[in-house]
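What the coordinates show
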Amino acid sequence: LVYIFNVFFSQNYPLYIRSVPTQNELKFHYTVHTSLDVVEEKISAVGKALGDQRELYLGLLYPTEDYKVYGYVTNSKVKFVIVVDSSNTSLRDNEIRSMFRKLHNSFTDVMCNPFHNPGDTIQSKTFDGIVSGMMVQTA
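Residues numbered from 1 in each chain as written. Predicted model: local features only at pLDDT ≥ 70, side-chain atom pairs only at ≥ 80, totals over all residues. Heavy atoms only, no water.

A short note on the sheet that holds strand β2 (residues 14–19)
Here 5 strands make up an open sheet; going across it, the order is β2-β1-β5-β4-β3 and the pairing antiparallel. Each edge of the open sheet is held by one strand with a lone partner, namely β2 and β3 (57–63). The average undirected angle you get between the axes of adjacent strands in this sheet is 15 degrees. Bridge analysis of β3 against strand β4 (residues 67–73) gives 5 bridges, and the strand direction is antiparallel. Within the sheet, the bridge partner assigned to Y62 lies in β4 and is V69. Across the sheet, helix α2 (residues 93–111) is in contact with β1 (2–8), β2, β3, β4 and β5 (79–85); its angle to β5 comes to roughly 140 degrees. (Pairing = 2+ DSSP bridges. Helix = DSSP H or I, 4+ residues; strand = E, 2+ residues; numbered from the N terminus. Axes fitted to C-alpha atoms, helices over the stretch in contact; angles between N-to-C directions. Contact = heavy atoms within 4.5 Å.)

Take a look at the structure:
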C-alpha cells in the first residue's frame, strides 16, 4: 500500500502531495520531509563520485518497522518520494523503480503543457489519475 506520494521542486517545496487518509497522516508528512535530507546526501555523494552521470532512482531512503520511504530525483533536481507499507513483500525494488519511471514520464507531460508554469503546484487530472491508480494497484 502506498501511503503518501510527494513531488518536490529543486528548492524542496512541494509541487504535489497525495496521501491515503489515515490517523498517522501527519507522521507520514514528517517522515517524507525528513527523508529529503537523505535525498540531498545521496545526490551530493553521487554527484561527487560520477560527475553528471547518475542513476535517477535513489532506492530505499528511510526504512522503519511499519513502512519504507523510497526516492527518485530528476535531472532538474525535482524529487519524488513515496512511503509504502513494509509488510507488502510482493512489492520489489524493480517495481518501485518502474513506478517512479511512469510517474516521471507523467510529470514530464505535465511540464510540457504550455499552460503550466514551472514551479506551480501540479493540478493535472491525468497526473492525479496515474498516482491514484498506483496507490490502488499496490494495495
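Additional details are given in the paragraphs that follow.
What to know about the pattern of salt bridges
Applying the stated criterion across every chain yields a total of 3 salt bridges. Where D128 meets R18, a salt bridge forms, and the shortest distance between an N and an O atom there is 2.8 Å. Of this pair, D128 sits in helix α3 (residues 125–137) while R18 sits in strand β2, placing them 110 residues apart in sequence. On the basis of relative accessible area, D128 is assigned to the partly exposed category, the value being 28%. Between E40 and K79 there is a salt bridge; the shortest N-O distance is 3.4 Å. (Salt bridge = Lys/Arg side-chain N within 4 Å of Asp/Glu carboxyl O. Buried < 20%, exposed > 50% of the residue type's maximum accessible area, 1.4 Å probe, protein only.)

Examining the environment of I17
Examined against the element boundaries, I17 turns out to sit in strand β2. Using a relative accessible area of 40% as the deciding quantity, one classes I17 as partly exposed. Note: C-alpha distance between I17 and V81 (64 residues apart in sequence) is 9.8 Å. Leaving out residues up to four positions away in the same chain, I17 has contacts with I4, F5, N6 and H29.

Thoughts on the confidence of the model for the chain
Taken as a whole, the chain shows an average pLDDT of 86; of its residues, 91% reach a score of 70 or greater. Model confidence for the chain, summarised as mean pLDDT per element, is weakest for helix α1 (residues 25–50) at 82 and strongest for α2 at 93. (pLDDT = per-residue confidence, 0-100.)

Section: the side chain of H116
Looking at the secondary structure, you find H116 in the loop between α2 and α3. The buried category is assigned to H116, whose relative accessible area is 13%. Once residues within four sequence positions are removed from consideration, H116 is found in contact with V110, M111, T121 and I122.

Focus on the side chain of D85
With respect to the helices and strands, the residue D85 is situated in strand β5. Despite its burial, D85 remains without a salt bridge, the nearest opposite charge being carried by K68 at 9.3 Å. A polar atom in the side chain of D85 sits 2.8 Å from the side chain of S87. With residues near it in sequence (within four places) discarded, D85 still touches L1, Y3, D66 and Y67. (Lys, Arg positive; Asp, Glu negative; His and termini not counted. Polar contact = N/O pair within 3.5 Å; in protein donor to acceptor, adjacent residues only side chain to side chain.)

Some points on α2
The terminal C-alpha atoms of α2 lie 27 Å apart, and with 19 residues this matches the ideal 27 Å at 1.5 Å per residue to within 8%. Restricting attention to buried positions, one finds in α2 the residues I96, M99, F100, L103, H104, S106, F107 and V110. (Expected span 1.5 Å × (residues − 1).)

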